[in-house]
Structure formats: C-alpha cells, structure tokens
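One-letter residues, chain by chain:
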Amino acid sequence: AEELEALLGHLGTWAKLVKAGAPPPEYSNALDEETRSLFSAQTGNLLGGEPTLHPHFERIVKEIKALGLGAMVFTNGSQPAKLNALKDELWTVVLNGHFADRATELEFEPMRIHANLPVLPGLDIHAALVKIRDAGIKTLYMAIAAPAGGAPGTTYTPLDLEAMQAMHRVAKRFCREHEIFLAYDCSFPVCVD
C-alpha cells in the first residue's frame, strides 16, 4: 500500500508538471487540441512485464484519467476482461504484435488498438505483419529490441545495419500495401531480460 501511495503521489506531481507546459511551438497552431496533448507528454504509458497483472492496475489507470491525463497500456492482451472494463479510462491499447490475434477480444474502437512489434534476428517479419493486418490493426510501432546481455545473434546491434534495413524494407512495403501506419520504437533499452 505504501508503494502504491508513493506511485500515485508521483503521478500527481507529473500531471502538474506536464499540464503546466505548452505544446512545442511548431505544433501549437497546426494540430487539434487532442493531438497537441500527445506532444505535451500528457499520456501515462503503462508497461511491463504484463501491466494488467499488477494488483493495482485498475486503480492506477483510473487515477491517471482522474488527473486529466491519458492512459496507454502496452500489453500482450492476455487479460481482455480487465482491459474491456477500463475501455472508458484507457486512451489506447498497444498489443504486442505477436499476440495481435487477441485484438478480437477487445471492445475498443479499432483506431484505439495499436501494435508494437518487437523484432529480433530470425523473426519471420512477414508472418508477424500478416497477423497484425488480419487483426485489423492500422498503427504499428516496430521495436528493434536490443537488451544488454543477450547471447550473440539473439539481439540486434549496430553491426546488424544491413539486416535491420532489410527488415525495414519488408515492413515498409507491407504496411504501404495494407494501409498500416508504420513507426519505430528505437529506444535500444539497456536492460537484462
């Protein structure tokens, strides 16, 4: 309970901070208010492991909304009942693309379901993209995963530029043909999984 209260306190402080800031000047007049808020960092991204398994997931999502922020959850979709119960509080559900077929269990408008596809060497990128397309998902964030400590050949490194470019060409062509918005999550986290 003490950790939860500390987290909620930090959320409150963060909400005050981002609400005090204005959108970057180049976006302030060009975009509608909801879109500008994305550039103002007014979204709480819930990540995991699997965030829906956290014992206070529902309370955290509701607190984010009560603070006037948007909540976005990155999930494998294994807990559709929990997600559906919060469909009025969650802005967006970002499904791990390898589990895109679980999108059919979600009661969200299609445009509020996105996919995040972690890509590793040896992944059949075309099969993964087909699964995302068949789920009706129209926004895809490719994540080039590079956790520290991975065995050689199991993660991408800067030396794998040609392989990453080849994967990008396949994804770009596929997404263009199927009208899927393609973006990249190129964070290269320093973590040990």
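None of these values were measured; they are calculated from a predicted model.

### Quick notes on the pattern of salt bridges
Line of reasoning, step 1. Applying the stated rule across the entire model yields five salt bridges.
Line of reasoning, step 2. Between Lys62 and Glu58 there is a salt bridge whose closest N-O contact spans 3.1 Å. Placement of the pair is Lys62 and Glu58 together in helix H4 (residues 57–66), with a separation of four residues, close to one helical turn.
Line of reasoning, step 3. The shortest N-O distance in the salt bridge between Arg133 and Asp134 comes to 2.8 Å.
Line of reasoning, step 4. Judged by relative accessible area, Arg133 falls into the partly exposed class, the value being 32%.

### Digging into the side chain of Asn116
Line of reasoning, step 1. With respect to the helices and strands, Asn116 occurs in strand E4 (residues 113–119).
Line of reasoning, step 2. Ignoring sequence-local partners within four residues, the contact set of Asn116 consists of Phe74, Val94, Leu95, Asn96, Gly97, Tyr141, Ala143 and Asp185.

### A closer look at the sheet that holds E4
Line of reasoning, step 1. Pairing within the open sheet is parallel, and its six strands lie in the order E1-E2-E3-E4-E5-E6. Every interior strand has two partners, whereas the edge strands, strand E1 (43–46) and strand E6 (181–185), have only one. The average angle at which neighbouring strand axes cross in this sheet is 25°, direction not considered.
Line of reasoning, step 2. Two strands pair when backbone bridges link them, and E1 and strand E2 (residues 70–75) are joined in this way by four bridges, in the parallel orientation. In the sheet register, Asn45 faces E2, and the bridge partner there is Met72.

### Quick word on the confidence of the model for the protein chain
Line of reasoning, step 1. Across the protein chain, the average pLDDT comes to 83, with 80% of residues at 70 or higher.
Line of reasoning, step 2. Mean pLDDT in the protein chain bottoms out at helix H2 (residues 25–28), which sits at 51, and peaks at helix H5 (residues 80–85), which reaches 97.
Line of reasoning, step 3. Ignoring residues within four places in sequence, the model shows residues 188–193, a span with pLDDT below 50, making 12 contacts including any to other chains.

### Here we look at the nonpolar core
Line of reasoning, step 1. Judged by nonpolar contacts, the single largest core of 43 residues is most densely connected at Leu90, Leu117 and Leu140.
Line of reasoning, step 2. With near-sequence residues (within four places) excluded, Leu140 lies in contact with Ala115, Leu117, Leu129, Ile132, Cys175, Ile180, Phe181, Leu182 and Ala183.

### Some details on H4
Line of reasoning, step 1. Taken together, the buried positions of H4 are Phe57, Ile60, Val61 and Ile64. Angular distribution of buried residues about the axis of H4 spans 100°; they occupy a single face of the element.
Line of reasoning, step 2. Considering only its buried residues, H4 is in contact with helix H1 (2–20), E1, E2, H5 and strand E3 (90–96).
Line of reasoning, step 3. Just downstream of H4 lies Gly68, where phi reads positive at about 85°.

### Notes on unusual backbone geometry
Line of reasoning, step 1. In this chain, Gly48 is followed by Gly49 through a cis amide linkage whose omega measures 25°.
Line of reasoning, step 2. Structurally, Gly49 is set in the loop between E1 and H4.
Line of reasoning, step 3. A positive phi angle, close to 55°, is found at Glu179, a residue other than glycine.
Line of reasoning, step 4. Along the chain, Glu179 turns up in the loop between helix H7 (161–177) and E6.
Line of reasoning, step 5. Look at Glu179 and you get exposed, because its relative accessible area is 67%.

### Description of the pairing of strand E5 (residues 139–144)
Line of reasoning, step 1. Burial runs high along E5: five of the six residues are buried.
Line of reasoning, step 2. Between the parallel pair E4 and E5, the chain is carried across by helix H6 (residues 125–134), and the sense of this crossover is right-handed.
Line of reasoning, step 3. As paired strands, E5 and E6 are joined by five bridges and run parallel to one another. Note that in E6 the partner of Tyr141 across the bridge is Ala183.

What counts, and where the lines are drawn
Residues numbered from 1 in each chain as written. Predicted model: local features only at pLDDT ≥ 70, side-chain atom pairs only at ≥ 80, totals over all residues. Heavy atoms only, no water. Salt bridge = Lys/Arg side-chain N within 4 Å of Asp/Glu carboxyl O. Helix = DSSP H or I, 4+ residues; strand = E, 2+ residues; numbered from the N terminus. Buried < 20%, exposed > 50% of the residue type's maximum accessible area, 1.4 Å probe, protein only. Contact = heavy atoms within 4.5 Å. Pairing = 2+ DSSP bridges. Axes fitted to C-alpha atoms, helices over the stretch in contact; angles between N-to-C directions. pLDDT = per-residue confidence, 0-100. Core = buried A, V, L, I, M, F, W, Y, C linked by side-chain atoms within 4.5 Å. Arc of directions from axis to C-beta. Right-handed = clockwise from strand over helix to strand, strands pointing away.

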